[in-house]
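For reference, the chains in residue letters:
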Amino acid sequence: MSDEWLECIGCHARYRVDQIRNGCDCGNLLSLERPKEALSALAPALFDARLGRRDPLSRSGVWRFREGVLNLQEGQIVCHPEGGTHLYRRLALSQWAGIDDLDFKHEGENPTGSFKDRGMTVAVSQAVRLGTKAVACASTGNTSSSLAAYAAQAKRRAIVLVPSGKISMSKMSQALAYGARCLKVDGDFDVAMSLVRQLCEHLGIYLVNSVNPFRIEGQKTIAWEILQDLDWHPPDWIVLPAGNLGNTSALGKALREAFEAGWIAKLPRLAAVQAATANPFFQSYRAGFATRPKVKAETIATAIRIGNPVSFEKAKAEILSTRGVVTEVTDAEILLAKREVDRAGLGCEPASACSLAGAKKLRAEGIIKPQERVVCVLTGHLLKDPEAVLQAAPGLEDARDQIVEVGSTLAEVEAALEGCL
Ligand SMILES: *Cc1c(COP(=O)(O)O)cnc(C)c1O
Ligand SMILES: [Zn+2]
C-alpha cells in the first residue's frame, strides 16, 4: 500500500489511489497528495544524478521525479520516455518582449508534440494499475493525440470525443494514426466534456481529462524540469497559456511543493494567459475571483478555446498561492507573438504564443519588472496547426507571399530572388 491518497479540494475527504474515482462525492475535484516529508526527504541532487543515467525512467522528464509524481511498480509504468525538453534563450525574443532574462521551455518537443504527454504517461500508467481496458477524453486535439499514443503503447482502447469542425485536422489525424476511436460531437468542447464524463460514469471507462488528478501530477514536472534546467535557481515568473486550467493548477502545485520541500529558496509567481475571446478565468480574476463566468469561447488558439474551464477551482487556488496574475491577449497579439517565436527558429502552435504575448504585455504594464527572470512555456509544436501559419496577423504580410512560382531556368530562379539576398 502506498502512502499517497486522493483528497477533495473542497471538503478534504480522502479516497484510496487504487480505485476509479473521477471526483469527490461532493462534486469537487480530487488532488493526489502525499505526506509533506515525502518530498522534503528528497534533494534535487537525486534528480540531478538521474540525468546521467540511461534507463528509460531516468531518461523521462516525468519519471525522473517519480517520488513526487506517483508511486508505481516499474512494470506498471507506461513511459515513452517523455519530457526532457529544452530551455531556449533568443536575443530577438528578449528584445521584442522587453525582458532581458527570458527563457522558453519548449514542450512541443514531447513525443506527440505537446506537454499533454507528461500528464498522459501518468494517467495511462494509472489505468494499467487499475486494470481498465479503455480510456477516454474530450479534447480540442492535443489531449486526444497524446491519449491515443499512450493507449496504443499500453494496448488499451482509446476513445476521444472532439467538437465537430472546430479542431485542427493535423491533431485529429495523429489520434487516428495511433488507432483511437474518434467521436465528433455536435457541439463545442464544453458539450464534449460533459458527454465524456457521463459516458465514463456509465460504462466504467477511465476518464483522462485534466479532471484526472494523475495527469496533474505528471504535468507538474514541467515546472520541476524548468527548475532543474536552471540549476534550482528559480525564476521570478513562469508564464503559460491557460485554457481548461489543468496546467495552471499543475505548475502552481509543483512550485508550491518544490518550495515547501526546500528544493528552491524562493517561490516563483505564475502568470496565466488567456485569449481575450476565451477568457472566463481572466474575467473572474479581474473581479477578485468573486464570480465564475462561463463564456462562448472563440479564438484562433484552438488549444485554449474553452469557455467553462474544468480546473477552475484548483487554478484559482494556485494563482493565489503563488501571488500569480492572470491576463488576456487578443488573437492579433497571439499571431504577432507566434510569428516572433516562429521567426526566431523555435516555432510553436498559436495557443503557445500566448505566453510570449502575455509576458510582453505584463512587462509593458510594469507587472513584470525590468530585471526579473522569466520563463515562458511553449506548450505545443509548430506543426500542430499548420493552417495558422497562413493566417496573417494584421499589418503583416501573408506567409503565402513567400511562395513564388518559377520556371525551370536559372535566369527565372535568379529573377525570383531579386531583392531577397
Ligand atoms: C492543452 C493545451 C493548453 C492549455 O492547457 P490547459 O491545461 O487546458 O489550461 C495550451 N496549449 C496547448 C498547446 C495545449 O495542448
Ligand atoms: Zn468533497
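To be clear, the structure that these remarks concern was listed above.
These remarks concern the structure in this document. Everything quoted here is computed from the prediction, not taken from an experiment.

Rules behind the numbers
Residues numbered from 1 in each chain as written. Chains lettered and ligands numbered in written order. Predicted model: local features only at pLDDT ≥ 70, side-chain atom pairs only at ≥ 80, totals over all residues. Heavy atoms only, no water. Donors = N, O, S within 2.8 Å, 3.2 Å for Na, K, Ca; no water. Tetrahedral: all angles 85-135°; square planar, octahedral: opposite > 155°, others 65-115°. Helix = DSSP H or I, 4+ residues; strand = E, 2+ residues; numbered from the N terminus. Polar contact = N/O pair within 3.5 Å; in protein donor to acceptor, adjacent residues only side chain to side chain. Contact = heavy atoms within 4.5 Å. Buried < 20%, exposed > 50% of the residue type's maximum accessible area, 1.4 Å probe, protein only. Pairing = 2+ DSSP bridges. Phe/Tyr/Trp six-rings, centres within 6.5 Å; stacked < 30°, edge-to-face > 60°. Near = heavy atom within 4 Å. Areas by Shrake-Rupley, 256 points an atom, 1.4 Å probe, with all protein chains shown as cover. Nonpolar A, V, L, I, M, F, W, Y, C, P; charged D, E, K, R; others polar.

Things to note about the coordination of the zinc ion (ligand 2)
- Every protein donor of the zinc ion (ligand 2) is accounted for by Cys-8 (SG), Cys-11 (SG), Cys-24 (SG) and Cys-26 (SG), and the metal-donor separations fall at 2.2 to 2.3 Å.
- The site at the zinc ion (ligand 2) holds 4 donor atoms, and with the angles between them running 105 to 120 degrees, its shape is tetrahedral.
- Coordination of the zinc ion (ligand 2) draws on donor residues from a single chain, spaced C-x2-C-x12-C-x1-C in sequence. One end of the pair, Cys-8, is in strand E1 (residues 5-8); the other, Cys-26, is in the loop between strand E2 (14-15) and strand E3 (30-33), with 18 residues separating them in the sequence.

Observations regarding the side chain of Thr-299
- Checked against the element boundaries, Thr-299 lands in the loop between helix H11 (280-286) and helix H12 (312-321).
- Engagement of the side chain of Thr-299 in a polar contact is seen with the backbone nitrogen of Ala-301, the distance being 2.9 Å.
- Setting aside anything within four residues of it in sequence, one finds Thr-299 in contact with Ala-275, Thr-277, Ala-278, Ile-304, Arg-305, Asp-331 and Ile-334.

Here we look at unusual backbone geometry
- The omega angle of the peptide bond from His-80 to Pro-81 is 5 degrees, so this bond is cis rather than trans.
- By the secondary structure assignment, Pro-81 is in the loop between helix H3 (56-59) and strand E4 (87-88).
- For Trp-232, which is not glycine, the phi torsion reads 65 degrees and is therefore positive.
- Even without being a glycine, Arg-323 presents a positive backbone phi close to 50 degrees.
- Tracing the chain through its elements places Arg-323 in the loop between H12 and strand E12 (325-329).
- Among the residues examined, Arg-323 registers a relative accessible area of 56% and is labelled exposed.

Let's talk about the sheet that holds E1
- With respect to topology, 3 strands assemble into an open sheet ordered E2-E1-E3, the strand pairing being antiparallel. Two strands close off the open sheet at either side, each with one partner strand: E2 and E3.
- Examined bridge by bridge, E1 and E3 share 4 bridges and lie antiparallel to one another. The residue bridging Leu-6 from the neighbouring strand is Leu-32, located in E3.

Describing the packing of aromatic side chains
- Inspection of every chain in the model, using the stated rule, returns 9 aromatic pairs.
- A ring pair is formed by Trp-224 and Trp-263, whose centres lie 5.1 Å apart and whose planes are at 70 degrees; its orientation type is edge-to-face. Pair noted here: Trp-224 is in helix H9 (residues 213-229) and Trp-263 is in the loop between helix H10 (246-260) and strand E11 (269-275), with a separation of 39 residues, a long-range link. Comparing Trp-224 with Trp-263 shows no difference in burial state: the two are buried.
- Judged by centre distance (5.7 Å) and plane angle (40 degrees), the rings of Phe-281 and Phe-289 are tilted.
- For Phe-281, a relative accessible area of 0% translates into the label buried.

Looking at the site of ligand 1
- Taken together, 15 residues form the shell around ligand 1, and within it Lys-116, Asn-142, Gly-243, Asn-247 and Thr-379 come nearest.
- Between ligand 1 and the protein, one listed contact pairs an oxygen atom with a backbone N or O atom of Gly-243 at 2.8 Å.
- One of the side-chain nitrogen or oxygen atoms of Thr-379 is found 2.8 Å away from a nitrogen atom of ligand 1.
- Coverage of ligand 1 by the protein chains reaches 96% of its 380 Å² of free accessible surface.
- When its residues are assigned to classes, the shell around ligand 1 shows 6 nonpolar, 7 polar and 2 charged.

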